[in-house]
Amino acid sequence: MSDQRIFARYKASEIRTDLQTIDVKKIKSSVTKRKHALRKIIANLTLGNYVEMVVLFPDILKFWQIEDDLEVKRICHEYVRTIGALKPRFVIDAMPSIRNDLRSNNEQLQIMALETLVGIPFFKFTDEAFNFIMTMINKRSSSPALMKSAVYSLLQLDEWDHERVMTLLGVLHGIFEDHVGLPTVQVAALKTLYTLHDKTKNLKPLHISVDTALDLLGLIPQLNEWDVSNLLECLVTVVVPQTHDDSYDMIDIVLPQLQHVNTSVALKSLEFIVYLLNYVDEISETVVDRLSNSILTLLEKPPELQFLILRNIILLLLTREKPVVKLEVSYFFVEYNDPIYIKDTKLECLYLLANSNTLPQILDELEQYSTDIDIQMSRKAVRAIGNLAVKLGAEAAETCVDVLMNLLEFGVDYVVQEIISVFRNILRRYPDRFQSDVRAIVEYIDCAQVAESKNAMIWIICNYSHLLPNYIELFEVFCSNIKSETLDVQFSILNSAIKFFVRDPSPRLENMCLRLFNFLTEDVNNPDLRSRAFLYWRLLSISKERVDILTPEVLKEIVDGELPVIELNTKLDQNVLEELELNIGTVTSVYLKPTGQIFHTAKTKHLKDSPVLNSEKGHLKIIKQDENEGPKYETTLENKGVIRQKLQRNSTMNDYDRPAEKVNELKGKRKSSTNNASKLARKPSLLMRKFSLKKKF
């Protein structure tokens, strides 16, 4: 049966008919049909068809009692967990079957039963779960998988009975210290302790010694990928290096994990290494290259993961004046088949990476994006060019304006509208420059059809009227249509009209202002706009009748004062940047906001004091080393039989300049990447022009 037929909304009577037509005594002949009928139930629960599926609870219990097939048992447990989360008392009749599974000799069945117990918020189920967990903890012969599940189950039980779980903190510490020979259990205990300390505000932050952390990192080869990810996540801020050598030792152990095929492991390794860089005074260029290559490898992931990586690249570029990664701008050029959220994020990366050296390459690419058939992408590219002009200084602005003027000749409405909008910002940033281009911009006044471009055009006409002999005629085009304009455009028209009159109180401008005052005070319903009109009207009346109170010079200073020069500030508060750096790979890194603004109950992470804490991140030195030197390890036997390999600080990897390679396992054999060139060995090409316009519109 296809998934399409399974994932369809069924009525309970239809599925019950399928189940009743099966002779449960002839198990071997009806296994497939029975499983398909049960799969329909789980599929309907996934689709949210709870009302119909609740009716089938007696049928689920019947198959649970007579069936020994592991898949059928798994379906039954999944059904009880889903329904029990909504109606805990309704599934109380399933308790005997769950107890039988807990007492079975099948480890997988015991784990499923435990997960079912902790997933139902009812005291009878939670009490049974607590009893079973304590039995497993006290039973020294418990299997590692079962013990690991029992420890992780405490996190779910904490949602239902927090006080009872908190009484087991000492037990969890004991598990962490005693189960040295069982790495998975030890990591599970550490993860549970870390989560409980993070969720409970009155608990002090969890702390472990550097030696313990090194011993745990030495167990990485014995752990699966998800245990490695949990371990690296927990060690951030939990272990505090006391010497530079402590940081170097841990960095050397974690560095190989940057090339892990699992994205979570690679990101957590990156997070842990970036955290440790706060406790060193210098770093080898080898580490920088390996961090960079790891990020470039992750950019080959599917779009959803690629978006996460790009957001974290933005985070790394923001947190330090001298980034700890070296990334060429060509890796962030937009491809024609990128989703829109990837395109937007790549444009942000290009903006942050732009400098005097990379500007020509970036502008050439952005100019191509501006002629793209995707209107949204075209607008964003033009906006990016304008932002670069404001960011990089006068010389770079000259180049950016030349590109904008070339695009202006295309005459495409949405491109011209964006150029008008960004040109206002450029003029505000450089008031004395680009005045020769003002007339060329004003010639496209008819293209200003959206509110933002209209506001920008009105501002340009108002502030550079001395360059436009017919500025009054141009401005009257907007005044004549004020009734149909949006609120922000109406505000712009009113403000500009008053400025014109203050500069040149001619009868023509006086009549224009009176017409605006009459319309805005009598026919406009918006109280803010009406109040603004009364305010200006009163000011002009006082300045005309009582010159001794309000002179024309004072009025001009009030209405038409000098505007400050704008700047694009991409820097965040240092405390916020520090917190973001400690949350690489999380939701916090996607929103680029403090954790407390996203999860109100979460604790704020911060760097802990240490004799080697580097408070000035910009002072981190990157030193070059001899590329011919290979890695030199000193292998020493540590306590409890753990072998720790310490890499000397002057060591390098002779293949550091090669990007990380993907692991492709096929029939138990690892496919060599030397036969086929890696995708990262070449620079991404320019935007593919198949779906773009090569010529002018």
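Per an unreviewed UniProt entry, the protein goes by the name AP complex subunit beta and belongs to Huiozyma naganishii. A UniProt comment under Subcellular location (unreviewed entry) is attached to the protein, and it reads "Endomembrane system".

**Some points on the environment of Leu70**
Following the sequence through the fold, Leu70 ends up in helix 6 (residues 70-86). Residues Leu70 and Asn106, spaced 36 residues apart in sequence, show a C-alpha to C-alpha distance of 9.6 Å. Here Leu70 is in contact with Asn106, Gln108, Leu109 and Met112, once residues within four sequence places are set aside.

**Considering the side chain of Ser543**
Turning to its location among the elements, Ser543 is positioned in helix 30 (residues 527-545). Judged by relative accessible area, Ser543 falls into the buried class, the value being 13%. Of the polar contacts made by the side chain of Ser543, one reaches the backbone oxygen of Leu540; its length is 2.8 Å. The contacts of Ser543, once residues within four sequence positions are left out, are Leu550 and Leu555.

**A short note on the nonpolar core**
Counting 223 residues, the largest nonpolar core has Tyr79, Leu217, Phe272, Ile313 and Phe332 as the members making the most contacts within it. Here Tyr79 is in contact with Ile41, Ile42, Leu45, Met53, Val54, Leu56, Phe57 and Ile60, once residues within four sequence places are set aside.

**Examining the packing of aromatic side chains**
Inspection of every chain in the model, using the stated rule, returns 12 aromatic pairs. Centroid distance Phe122 to Phe123: 4.8 Å. Interplanar angle 55 degrees. Geometry classified as tilted. Residue placement shows Lys87 over the ring face of Phe90; its charged tip is 5.9 Å from the ring centre. Just above the ring of Tyr351 sits the side chain of Lys391; from NZ or CZ to the centre is 4.5 Å.

**Here we look at a nonpolar patch on the surface**
Nonpolar side chains collect at one region of the surface, where Val587, Tyr591 and Phe599 lie side by side and expose about 300 Å² of accessible area between them. You can see Phe599 is positioned in the loop between helix 34 (595-598) and strand 2 (621-623). The class of Phe599 is partly exposed, set by a relative accessible area of 42%.

**So, the packing of helix 13 (residues 183-199) against helix 15 (residues 225-235)**
Contact geometry of helix 13 with helix 15 gives a least axis separation of 9 Å together with a crossing angle of 45 degrees. Judged by the angle between their axes, helix 13 and helix 15 are oblique. Considering how the two elements wind past one another, helix 13 and helix 15 form a crossing that is left-handed. Residues Thr184, Val187, Leu190, Lys191 and Tyr194 of helix 13 pack against Asp227, Asn230, Leu231, Glu233 and Cys234 of helix 15. Looking at the contact of helix 13 with helix 15 residue by residue, the classes come out as 5 nonpolar, 2 polar and 3 charged.

The rules behind the values
- Residues numbered from 1 in each chain as written.
- Predicted model: local features only at pLDDT ≥ 70, side-chain atom pairs only at ≥ 80, totals over all residues.
- Heavy atoms only, no water.
- UniProt positions renumbered as here; feature names shortened; annotations may be inferred.
- Helix = DSSP H or I, 4+ residues; strand = E, 2+ residues; numbered from the N terminus.
- Contact = heavy atoms within 4.5 Å.
- Buried < 20%, exposed > 50% of the residue type's maximum accessible area, 1.4 Å probe, protein only.
- Polar contact = N/O pair within 3.5 Å; in protein donor to acceptor, adjacent residues only side chain to side chain.
- Core = buried A, V, L, I, M, F, W, Y, C linked by side-chain atoms within 4.5 Å.
- Phe/Tyr/Trp six-rings, centres within 6.5 Å; stacked < 30°, edge-to-face > 60°.
- Lys NZ or Arg CZ within 6 Å of the ring centre and 35° of its normal.
- Patch = residues over 30% accessible without salt bridge, like charges linked within 9 Å, V, L, I, M, F, W, Y side chains within 5 Å.
- Areas by Shrake-Rupley, 256 points an atom, 1.4 Å probe, with all protein chains shown as cover.
- Salt bridge = Lys/Arg side-chain N within 4 Å of Asp/Glu carboxyl O.
- Axes fitted to C-alpha atoms, helices over the stretch in contact; angles between N-to-C directions.
- Parallel < 35°, antiparallel > 145°, perpendicular 65-115°, else oblique.
- Left-handed = near helix turned anticlockwise from the far one by under 90°.
- Nonpolar A, V, L, I, M, F, W, Y, C, P; charged D, E, K, R; others polar.

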